[in-house]
Amino acid sequence: MALRVEPLNRFVPGNRVELLRNGDEYFPALASAVDSAEREVWLETYLFADDASGRLIANALVRAARRGVKVRLLVDGWGAKYYLTAALERFLVDGGVELLKYRPEVAAWQFRSHRLRRLHRKLCHVDRRIAFVGGINIIDDRNTPGATAPRVDFAVSVEGPLLPAIVQTMQRVWALVQLVQLGDSQLTLFPRRFRGQRAGTQTAKFVIRDNVRHRRDIEHAYLAAFRSAKREIIIGCSYFFPGIRFRHALAEAAGRGVSVTLLLQAKVEYVLLHFASRAMYGQLLQAGVVIQEYHTSMLHAKVAVVDDRWATVGSSNIDPYSLLMAREANVFVRDRKFAGELRRALTEMIEHGAQPVASEDWQGRSRLYKAAIWVAYGIVRLAMGFVGYGGEEWFPRRRPTRDVAH
């Protein structure tokens, strides 16, 4: 049965959304879908690494291209610079894959603030039949310096009426990149809509963030869920540096009796952001928010569950980079079975791999530590102001009250 195509950012019924945990589940599913392609494969990713997982997907893309499938690969210029080797790039291009790089101008001596607007989303669709959305780059789960356990991340496979919105946004960005870099594109910026076929029983919506019409859509979807929460909010996020409205929404939910839990990364990846984000711990803990730090491995997830009935999986972190600058994409699902599955995965991580941040322990941290986190916060604030992002939402002019620093 064909369904009427709904505008972007609307919940629509009739989808099948399946949760994929880490590369162990994601990469075989992605490679299998590419191997089944008959007409076209579109793939967007921030990183495409020349490692075992990258080669697995690259081989699948080349196999598809060699049997006559139109294969388009769009990688971010920054991620390509540091992970996509010349050898792997030649293999893909010589194999028939059309390859473009989003904003390849990343030279440090030619810095411009607009170059921080990266392609951070991770999307794929095959034959307009199945799509993948999430936070998993094309890189091995253990491809991290000093890794002792696989990186933790999530993605979803999607079938159903969400496909038209995913297909259209991928075509639009591809055409934009071609127009900017080549001066022409064989694709239109405004592709014709098509009808998505009913594939399941789940209600979901596909939401993007860009720098034109959808600047705050992902953030607003989160805030709407927080305002309606009655029992529980669980967020799993690798980089957590929210603005004022986001923090207030979490504090207000906790204040009306909602159990609010943040599962955040304990391991240090980016030192400045790691310490700057800790400047917000005191305010959140005082408001009744529970903070769990995940120690087992690198946490790269960008997911959340509200009241066992609402869940999101995607590429967007809760920080200024994702919510103010980068192109991002999330799927939001209203379905108890899906939300329950994601909730079980998060609670298992909390029970077996995380340690709680106790309010009294946090208040007892040394003055030197508190000074360090506020110095980091100040540097991030100045940096965001320098490049013209953030404003009053992230960096109010009013000096934070003393209890926030605890």
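Refer to the structure above for everything that follows.
Residues numbered from 1 in each chain as written. Predicted model: local features only at pLDDT ≥ 70, side-chain atom pairs only at ≥ 80, totals over all residues. Heavy atoms only, no water.

Novice: Quick question: what am I supposed to make of the overall build of the protein chain here?
Specialist: In terms of regular secondary structure, the protein chain is built from 14 helices and 15 strands. Among the 406 residues that make up the protein chain, the fraction classed as buried is 58%. By sequence separation, contacts in the protein chain at least 24 residues apart represent 81% of the contacts at least 6 residues apart. For the protein chain, the accessible area works out to roughly 17700 Å², and carbon and sulfur atoms hold 51% of it. (Helix = DSSP H or I, 4+ residues; strand = E, 2+ residues; numbered from the N terminus. Buried < 20%, exposed > 50% of the residue type's maximum accessible area, 1.4 Å probe, protein only. Contact = heavy atoms within 4.5 Å. Areas by Shrake-Rupley, 256 points an atom, 1.4 Å probe, with all protein chains shown as cover.)

Novice: Sorry if this is basic, but what is going on with the packing of aromatic side chains here?
Specialist: Any two aromatic rings considered together are summarised by their centre-to-centre distance and by the angle between their planes. Taken as a whole, this structure holds 11 aromatic pairs when the rule is applied. Plain terms: the ring middles of Y222 and F226 are 5.9 Å apart, the flat faces sit at 50 degrees to each other, and that makes the pair tilted. Of this pair, Y222 and F226 both sit in helix α6 (residues 217–228), four residues apart, roughly one helical turn. In this structure, Y222 and F226 share a single accessibility class: buried. (Phe/Tyr/Trp six-rings, centres within 6.5 Å; stacked < 30°, edge-to-face > 60°.)

Novice: What is the right way to read the nonpolar core from this model?
Specialist: As a rule of thumb, soluble globular proteins bury nonpolar side chains together. F154, V156, F206, V331 and L342 are the most contacted members of the largest nonpolar core, which totals 50 residues. In terms of residue count, the dominant contributor to this core is helix α5 (residues 163–182) (nine residues). What V156 contacts, discounting residues up to four positions off in sequence, is V17, E18, L19, L20, A131, F132, V133, V313, V331 and F338. A221, A229, A304 and F332 belong to the second-largest nonpolar core, a separate cluster that totals 42 residues. (Core = buried A, V, L, I, M, F, W, Y, C linked by side-chain atoms within 4.5 Å.)

In short, geometric facts, not functional conclusions.
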